[in-house]
Amino acid sequence: MELIEAIQKRRSVRAFTDTPVPKNIIMEILSIACRAPSAMNTQPWEFVAVTGEKLNQMRAAIMEKLKSGAPIVPDHLVVSWPNEGVYKDRQINLAKQLFKAMDIPREDKEKRAWWLERGFRFFDAPAAIIIATDKILGEAGPLLDLGAVMQNICLAAMQFGLGTCIEDQGVLYPEIFREQAGIPATKRLMIAIALGYPDQDFPAKQIRSEREPAENMTTWLE
Ligand SMILES: Cc1cc2nc3c(=O)[nH]c(=O)nc-3n(C[C@H](O)[C@H](O)[C@H](O)COP(=O)(O)O)c2cc1C
């Protein structure tokens, strides 16, 4: 797939087939992604690849926490929830697109909760990649580097016919990974990426999120 075509076609995939993703493919994607640039070549990324029964166990533990009403305790707030202005508008537009495609009315609390839970369950993907970093690097320092490797993973996955959804929802209860996967407290879990073969029939698969034209985001100095 051509690079520009891949960048333009990438979209968040929020439903997958049950087909497992072979370990060697996940490893190849991660190897390619590691060519991302990083400040002073520090390569601050670490990956936790979770599949199979272990992923099912994680999902179950996360759902138990969520349903118990336990407060989320993320290692880092990678997403700043927009409360106003154009950022809020864009967030609402996305939600409208998704809920329309999924036929989830605003007042249907049950379906909305179902939708939220799917995110916490890694959208039932057969694989999930958690991107972590060492706490020694501070909170904000590695953020840009991790963003580069994150996008590389999503683009490289497309070459193998795989879909991805970057999701902070997957790491909002990092203690579960510490307890069940032995991730030490010295590591900060930053973001999750659900990975699998896209379910082409899932209604939300058809939406293409909107973008502000680049001209509106650009200041020219000539
Ligand atoms: C840092 C980050 C966190 C995200 N977290 C979530 C999430 O928790 N749940 C979700 O459904 N999508 C999540 N997304 C996906 C965004 O909603 C999506 O990238 C955006 O709406 C643009 O749509 P597109 O990826 O289809 O182009 C996240 C994306 C990023 C970059």
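What you are looking at is a predicted structure, and each value in this text was computed from that prediction instead of being measured. Residue positions are given per chain, counted from 1 along the sequence in the order it is written. It should be noted that, the model being predicted, local features are given only for residues of pLDDT at least 70 and side-chain atom pairs only at 80 or more, the latter also being counted only at that level, while totals for whole chains, interfaces and linings use all residues. Note that the side-chain values use all heavy atoms of the structure and ignore hydrogens as well as water.

Participant: Whenever I open this one, the site of the ligand confuses me. Can you help?
Facilitator: In the region of the ligand, 16 residues are neighbours, and Ser12, Arg14, Asp168, Gln169 and Arg211 sit closest. The definition of a polar contact used here is a pair of N or O atoms within 3.5 Å, where within protein one atom must be able to donate a hydrogen and the other to accept one, and adjacent residues in sequence count solely through side-chain atom pairs. Between the ligand and Ile166 there is a distance of 3.0 Å, counted from a nitrogen atom to a backbone nitrogen or oxygen. Arg211 is positioned with one of its side-chain polar atoms (N or O) 2.8 Å from an oxygen atom of the ligand. Per-residue and other accessible areas were derived by the Shrake-Rupley procedure at a 1.4 Å probe size, with only the shown protein chains allowed to occlude residues. Protein contacts shield 74% of the accessible area of the ligand, which totals 620 Å² for the unbound molecule. When residues in the shell around the ligand are grouped by element, the largest group, three residues, is from strand 3 (residues 163–167). Note on definitions. A residue lies near a molecule or strand when any single heavy atom of the residue is within 4 Å of it. The secondary structure listing takes helices from DSSP runs of H or I that are at least 4 residues long and strands from runs of E that are at least 2 residues long, numbered from the N terminus.

Participant: How should I be thinking about the environment of Ala101 in this particular structure?
Facilitator: Of note, Ala101 is situated in helix 4 (residues 85–101). Each residue is assigned to one of three classes by its accessible area relative to the maximum for its type, calculated with a 1.4 Å probe on protein chains only: buried under 20%, partly exposed between the two thresholds, exposed over 50%. What makes Ala101 partly exposed here is its relative accessible area of 26%. Between the C-alpha atom of Ala101 and that of Gln206, which follows or precedes it by 105 residues, the distance is 7.8 Å. By the convention used here, residues are in contact when the closest approach between their heavy atoms is within 4.5 Å. If we ignore the near neighbours within four places in the chain, the residues touching Ala101 are Pro203, Ala204 and Ile207.

Participant: In this structure, what is going on with the pattern of salt bridges? I would like to understand it.
Facilitator: By convention in these notes, a salt bridge is any Lys or Arg side-chain nitrogen within 4 Å of a carboxyl oxygen on Asp or Glu. If you walk through the whole model with that rule in mind, you get eight salt bridges. Across the salt bridge formed by Arg121 and Asp124, the nearest N and O atoms sit 2.8 Å from each other. For Asp124, a relative accessible area of 33% puts it in the partly exposed group. In this structure, Lys187 and Asp134 form a salt bridge, with 2.8 Å as the shortest nitrogen-oxygen distance. Of this pair, Lys187 sits in strand 4 (residues 187–196) while Asp134 sits in strand 2 (residues 127–134), and the two are 53 residues apart along the sequence.

Participant: What exactly am I supposed to notice about the pairing of strand 3 here?
Facilitator: Looking along a regular strand, one sees the side chains alternate between the two faces of the sheet. The buried count for strand 3 comes to four of five residues, which makes it a mostly enclosed element. As paired elements, strand 3 and strand 4 share five bridges and run antiparallel to each other. Each bridged residue has a counterpart across the sheet, and for Thr164 the counterpart in strand 4 is Leu195. Paired strands, in this sense, are two strands between which DSSP finds at least two bridges.

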